[in-house]
Amino acid sequence: MALTTSAETPLPVGEVSRMIGGWIDRLGAVWVEGQITQLSRRPGAGVVFLTLRDPSHDVSVGVTCYRQVFDAVADLVSEGARVVVHAKPEWYAPRGQLSLRAAEIKPVGIGELLARLEQLKRSLAAEGLFAPERKKRLPFLPRRIGLVCGRASAAERDVLENARRRWPAVAFEVRNVAVQGVKAVPQVVQAVRELDADEDVDVIVVARGGGSVEDLLPFSDEQLVRAVADCRTPVVSAIGHEPDSPLLDLVADLRASTPTDAAKKVVPDVGEELERVRGLRDRALRTVQGLLDREERGLAHALARPVMEQPLRMVEVREDEVSALLARSRRVLGHLLDRADSELSHTRARVRALSPAATLERGYAVLQRADGTVVRSPGEVAGDEELRARVAEGEFAVRRVSDPG
């Protein structure tokens, strides 16, 4: 029930702790799954203390149980084991501490783990986290590779040595984390997110050597799978050996069978690339040489043609035709001019024959009065009238002399 308190009417700590204990006492027993991180089993003590932790979150709770409850599974569980506990929440009022009183402990078997993983796998697949279209393509030559692995582990050595052997100039950003146990999931998730936020990292490799199903469980954790699915940077999973297949393999953009295989898939081999460049260069040279040879043959064929051997032959043939046409045109023009000249001479002769000047040249004269009129009859001229006589070579004055009779 809700409490009414204020700064003037506060509740004592003991009362608050007592009320919390009352609420918790009303809770029933629950089945809880977790991983044992601490185990205290003192000789002769009737109570066993252990800490149960959620592998996917940084949450732990203390568990107590009677010795006979733990002895029933003592040979099957130890620190790091996953268990299912049937317990009732308890509140220790003097210290204000919550714990679980276990009445039964069951180890989680491999079959149960695999069944739960299969159920989680189907659930995540239904969300589309494993869909091929979500896979991002790895860069041909990454500037910097992010590596998440155990400190001084064989997986780290395999990735670094093989990658540098293939491409000596490759750069790495390494994050050493726990790769098994209760701290593995949060540390791997944090490392992946840090590398994904780094603009210089082009690809992230999560690597771990082989191990048992329990050892590889952190790499099937839902929190890690979702963190990898949210990465903008391509992620390569290199967990365990070929038969191992954690859920990280399914959500990653590329699965490598081993850490060594991851190094081979992330960076190219400098020797192979040089050989490929040489092959492409030789192929390009052969192609260019083939083009030049073909053009040379075409040019030689063109130069062998008669028109190229005697380039003036066509002009010479046309020169004779032009000369013949020129001579013919001159002859035709000469005939036309001669005929025109002859016609002009005949016309001029006719004109001259009909011209008054021709009459004058035959000795005739034309008499004209002072006003220029022509005298056609003797009766038109008065006595002593002065006239002008026009002859072929000029003109002179004449006067009519009166008849003496």
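Our subject is the structure listed above.
Calculation notes
- Residues numbered from 1 in each chain as written.
- Predicted model: local features only at pLDDT ≥ 70, side-chain atom pairs only at ≥ 80, totals over all residues.
- Heavy atoms only, no water.
- Helix = DSSP H or I, 4+ residues; strand = E, 2+ residues; numbered from the N terminus.
- Rg over C-alpha atoms; globule rule 2.2 N^0.38 Å.
- Buried < 20%, exposed > 50% of the residue type's maximum accessible area, 1.4 Å probe, protein only.
- Contact = heavy atoms within 4.5 Å.
- Areas by Shrake-Rupley, 256 points an atom, 1.4 Å probe, with all protein chains shown as cover.
- Lys, Arg positive; Asp, Glu negative; His and termini not counted.
- Charge placed at Lys NZ, Arg CZ, Asp CG, Glu CD.
- Core = buried A, V, L, I, M, F, W, Y, C linked by side-chain atoms within 4.5 Å.
- Pairing = 2+ DSSP bridges.
- Axes fitted to C-alpha atoms, helices over the stretch in contact; angles between N-to-C directions.
- Disulfide = S-S within 2.5 Å.
- Salt bridge = Lys/Arg side-chain N within 4 Å of Asp/Glu carboxyl O.

Novice: Where do I start with the overall build of the chain in this structure?
Specialist: Scanning the chain from terminus to terminus reveals 12 helices and 13 strands. The C-alpha atoms of the chain give 62 Å as radius of gyration, which overshoots the globular expectation for 405 residues (22 Å, by more than 25%). Each of the three principal axes of the chain carries a C-alpha extent, and together these read 210 × 75 × 35 Å. Scored against the burial criterion, the 405 residues of the chain give a buried share of 31%. In the chain, once contacts between residues fewer than 6 apart in sequence are set aside, the share between residues at least 24 apart is 60%. Counting every atom, the chain has about 25,900 Å² of accessible surface; 55% of that belongs to carbon and sulfur. Across the chain, the mean location of the 58 positive side-chain charges is 1 Å away from that of the 60 negative side-chain charges.

Novice: Just to check I follow, could you spell out the nonpolar core for this structure?
Specialist: The nonpolar side chains of a soluble globular protein tend to be buried with one another. Val148, Val188, Val206, Phe219 and Val251 are the most contacted members of the largest nonpolar core, which totals 30 residues. Of all the secondary-structure elements, those providing two or more residues to this core are α3 (110–126), α5 (184–197), β8 (203–208), α6 (222–229), β9 (235–239) and α7 (247–251). Per element, the largest residue contribution to this core is 6 residues, and it comes from α5. If we skip the residues at most four places from it in the chain, Val148 touches Arg175, Val177, Val188, Ala191, Val192, Leu195, Ile204, Val205, Val206 and Ala207. Core analysis: the second largest hydrophobic core is formed by 21 residues, Leu147, Trp167, Phe172 and Ala262 among them.

Novice: What am I meant to see in the sheet that holds strand β1 (residues 30–40) here?
Specialist: The pairing of strands in a sheet happens through backbone hydrogen bonds and is either parallel or antiparallel. Ordered in space as β1-β2-β3-β5-β4, the 5 strands form a closed barrel in which the pairing is mixed. With direction set aside, neighbouring strand axes in the sheet form an average angle of 55°. The pairing of strand β3 (residues 59–66) with strand β5 (residues 97–107) spans 4 bridges and is classified as parallel. Bridge pairing in β5 links Cys65 to Ala102. Sitting on the sheet, helix α1 (residues 13–25) touches β4 (82–92) and β5, and the angle it makes with β4 is about 140°.

Novice: I keep staring at the sheet that holds strand β12 (residues 386–391) and nothing clicks. Help me out?
Specialist: Reading across the sheet, the 3 strands line up as β11-β12-β13 and stay open at both edges, with antiparallel pairing between neighbours. The open sheet has two free edges, formed respectively by β11 (366–368) and β13 (394–399), since each of these has just one partner strand. Strand-to-strand twist of the sheet, defined as the mean angle between neighbouring strand axes without regard to direction, takes the value 30°. Pairing of β11 with β12, which is carried by 3 bridges, proceeds in the antiparallel orientation. Across the sheet, residue Leu367 finds its bridge partner in β12, namely Ala389.

Novice: Looking at this structure, I do not really get the pairing of β1. What am I missing?
Specialist: In regular strands, side chains alternate between the two faces of the sheet. Sheet topology places β1 next to β4; 6 bridges connect them, and they run antiparallel. Counterpart to Trp31 in the pairing with β4 is His86. By the bridge criterion, 5 bridges tie β1 to strand β2 (residues 47–54) in an arrangement that is antiparallel. Looking at the pairing, Gln38 lines up with Thr51 of β2. Between β1 and β2, which pair antiparallel and follow one another directly, the connecting turn spans 6 residues, one of which, Gly44, has a positive phi of 85°.

Novice: How should the state of the cysteines be read in this particular structure?
Specialist: In protein structure, a disulfide is the covalent linkage between the sulfur atoms of two cysteines. Here the structure, examined in full by the defined rule, presents 0 disulfides. Sulfur of Cys149: no disulfide; nearest cysteine sulfur belongs to Cys231 and is 16 Å away.

Novice: What's the story with the pattern of salt bridges in this structure? I'm lost.
Specialist: Side-chain pairing between opposite charges can occur once the charged atoms of the two side chains come close. Scanning the entire structure with this criterion turns up 21 salt bridges. Across the pair Arg41 and Asp71 runs a salt bridge whose closest N-O atoms are separated by 2.7 Å. Of this pair, Arg41 sits in the loop between β1 and β2 while Asp71 sits in helix α2 (residues 67–71), placing them 30 residues apart in sequence. Under the relative-accessibility criterion, Arg41 is labelled partly exposed at 36%. Of the charged contacts, one joins Glu321 and Arg318 as a salt bridge, the two residues approaching to 2.9 Å between their closest N and O atoms.

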